[in-house]
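For reference, the chains in residue letters:
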Amino acid sequence: VSAETGSGKTAAFLLPTLQRLLDKPSERYGTRALVLVPTRELAQQIFQQCQQMLAFSSLRAGLITGGADFRQQQTLLRNNVEIIIATPGRVLELMAVQTPDFSHLDVLILDEAYRMLDMGFSDALQQIAAQCSPERQTLLFSATLNHEGILRIADSVLRDPEMLGLNTLQDEHANITQQMILADDTAHKQRLLVWLLKNDTFTKALVFTNSRAQADSLSGTLQTNQVRCGVIHGDMDQKNRNRIMALYRNGVIDVLLATDLAARGLDIAGVDLVVNFDIPRTGIHYLHRIGRTGRGDVQGTAINLVKSTEWNLLA
């Protein structure tokens, strides 16, 4: 399935999967549904949504990601939890010690498959799929089916698949107002960003950079100018990531600086402003960044700060 960010695909795969497990109880040991996603943040988000849907049922869900206690995750898998939401790297680590039993799996879901391939998980996905029941149903979701690796992985893990395209890369984000502001250089961008965040009206703002160093540097600049902000990127440990995300969700800080780690999967209510401090490296990254706002029927604004060396990249 090709479906744009914010179109509701999490509910689209969770609801029928959970209904299937409820309608056809199994006495066999092992996980019955496995959802693989690229990042810890997306796994946590889907796990929370799954928990809400399961609140009045007998089914149980578990979360398996890096950065959490390995032995506790082994115990979780041995306790016959029906639905597991996981990142591929940690699943492979657990498979190395022969913990997960996916031999009776009913459903395997690959969410944000494009991003998982971009992060180098192609071999991991195939190794995990090879350990799953051949009688399973497999679903693959991606913002684009144009990635060269998507069809290869589909050929490898899907059997005679139906293809559903709900959007193309060129589809307009109707709920998002996209703007450009020209800048002389990086220092000028910093002054523009400070002015925007101190004078624009927004509930939550998400500012994207192309590097971790730039995100850290901007954080200092903004805090010096009394802008309440936090940073999230791949160099941070999970505990610190969770702390910053909690502050952001709860409104203690209203500006989050992020690298493209956060461009996939994070679904945070109230993000009505996205600023590309650095122009992203590809059109696909651009779509995913601005897709953090304008979700559902809510209106959002995406502002691009563009210096002369980025003009061709923006085009």
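The following paragraphs examine the structure supplied in this document. These figures come from a predicted structure and were not determined experimentally. (Residues numbered from 1 in each chain as written. Predicted model: local features only at pLDDT ≥ 70, side-chain atom pairs only at ≥ 80, totals over all residues. Heavy atoms only, no water.)

**Observations concerning the pattern of salt bridges**
Then, number 1: For the coordinates displayed, the defined rule picks out nine salt bridges.
Then, number 2: In this structure, the salt-bridge partner of glutamate 82 is arginine 60, at a minimum N-O distance of 3.7 Å. With glutamate 82 in the loop between helix H3 (70-78) and strand E3 (83-86) and arginine 60 in the loop between helix H2 (40-54) and strand E2 (61-64), this pair connects stretches of sequence that are 22 residues apart.
Then, number 3: Residues participating in the shared-partner salt-bridge network are Lys9, Asp111 and Glu112. (Salt bridge = Lys/Arg side-chain N within 4 Å of Asp/Glu carboxyl O. Helix = DSSP H or I, 4+ residues; strand = E, 2+ residues; numbered from the N terminus.)

**Some remarks on the nonpolar core**
Nonpolar side chains in soluble globular proteins generally cluster together in the buried interior.
Then, number 1: Residues Leu34, Leu36, Leu108, Leu110, Leu125 and Ile128 are the most contacted members of the largest nonpolar core, which totals 31 residues.
Then, number 2: Among the secondary structure elements, those contributing two or more residues to this core are strand E1 (33-36), E3, helix H4 (88-96), strand E4 (107-110), helix H5 (113-118), helix H6 (122-130) and helix H7 (148-157).
Then, number 3: Excluding anything up to four places from it in sequence, leucine 110 contacts Leu36, Met116, Leu125, Leu139, Leu140, Phe141 and Val157.
Then, number 4: Leu197, Ala215, Leu218 and Leu305 belong to the second largest nonpolar core, which has 22 residues in total. (Core = buried A, V, L, I, M, F, W, Y, C linked by side-chain atoms within 4.5 Å. Buried < 20%, exposed > 50% of the residue type's maximum accessible area, 1.4 Å probe, protein only. Contact = heavy atoms within 4.5 Å.)

**Re the packing of aromatic side chains**
Between two aromatic rings, the relevant description is the distance of the centres plus the angle of the planes.
Then, number 1: All told, the structure shown has one aromatic pair when counted by the stated rule.
Then, number 2: Considering the side-chain rings of phenylalanine 13 and phenylalanine 141, the 5.2 Å spacing of their centres and the 50° angle between planes classify their relative orientation as tilted. Taken together, the residues span a long stretch of sequence, with phenylalanine 13 in helix H1 (residues 9-23) and phenylalanine 141 in the loop between strand E5 (137-140) and H7 at a distance of 128 residues. The pair phenylalanine 13 / phenylalanine 141 is uniform in exposure class, with both members buried.
Then, number 3: Directly above the aromatic system of phenylalanine 277 lies the positively charged group of lysine 189, at a separation of 5.5 Å from the ring centroid.
Then, number 4: Its guanidinium or amino end placed over the ring of tyrosine 248, lysine 204 lies 6.0 Å from that ring's centre, counting from NZ or CZ. (Phe/Tyr/Trp six-rings, centres within 6.5 Å; stacked < 30°, edge-to-face > 60°. Lys NZ or Arg CZ within 6 Å of the ring centre and 35° of its normal.)

**A short note on unusual backbone geometry**
Then, number 1: For asparagine 80, which is not glycine, the phi torsion reads 65° and is therefore positive.
Then, number 2: Tracing the sequence through the fold places asparagine 80 in the loop between H3 and E3.
Then, number 3: Judged by relative accessible area, which is 26%, asparagine 80 ranks as partly exposed.
Then, number 4: Despite not being glycine, glutamate 112 shows a phi value in the positive range, around 55°.
Then, number 5: Along the chain, glutamate 112 falls in the loop between E4 and H5.
Then, number 6: On the accessibility criterion, glutamate 112 (5% relative accessible area) is buried.

**Topic: the layout of surface pockets**
Then, number 1: Within this model, the largest pocket holds a volume of roughly 600 Å³.
Then, number 2: Of all the elements in the fold, those that place two or more residues in the lining of the largest pocket are H1, E5 and H7. (1 Å grid on protein atoms, 1.4 Å probe; cavity = no way out; pocket = protein on both sides within 12 Å on 5 of 7 lines; lining within 4 Å. Points joined across faces, edges and corners; volume = space filled by probe spheres on them.)

**Comments concerning the packing of H1 against H2**
Then, number 1: Where H1 contacts H2, the two axes come as close as 11 Å, and the packing angle between them is 45°. By the criterion of interaxial angle, the relationship of H1 to H2 is oblique. Crossing geometry of H1 relative to H2 is assigned as right-handed. Each of Thr10, Ala11, Phe13, Leu14, Leu15 and Leu18 in H1 lies in contact with H2, whose residues at this interface are Ile46, Gln49, Cys50, Met53 and Leu54.
Then, number 2: Broken down by class, the residue content of the contact of H1 with H2 amounts to nine nonpolar, two polar and no charged. (Axes fitted to C-alpha atoms, helices over the stretch in contact; angles between N-to-C directions. Parallel < 35°, antiparallel > 145°, perpendicular 65-115°, else oblique. Left-handed = near helix turned anticlockwise from the far one by under 90°. Nonpolar A, V, L, I, M, F, W, Y, C, P; charged D, E, K, R; others polar.)

**Side note on a nonpolar patch on the surface**
Then, number 1: A cluster of nonpolar residues, Met180, Leu182 and Trp311, forms a patch on the protein surface that exposes about 350 Å² of accessible area.
Then, number 2: The residue tryptophan 311 is located in helix H12 (residues 311-314) in this model.
Then, number 3: Judged by relative accessible area, which is 43%, tryptophan 311 ranks as partly exposed. (Patch = residues over 30% accessible without salt bridge, like charges linked within 9 Å, V, L, I, M, F, W, Y side chains within 5 Å. Areas by Shrake-Rupley, 256 points an atom, 1.4 Å probe, with all protein chains shown as cover.)

**A look at the sheet that holds E2**
Then, number 1: With respect to topology, five strands assemble into an open sheet ordered E2-E3-E1-E4-E5, the strand pairing being parallel. Two strands lie at the open edges of the sheet, namely E2 and E5, each paired on one side alone. Neighbouring strand axes in the sheet, compared pairwise and without regard to direction, differ in orientation by 15° on average.
Then, number 2: With four bridges connecting them, E4 and E5 associate as parallel partners. (Pairing = 2+ DSSP bridges.)

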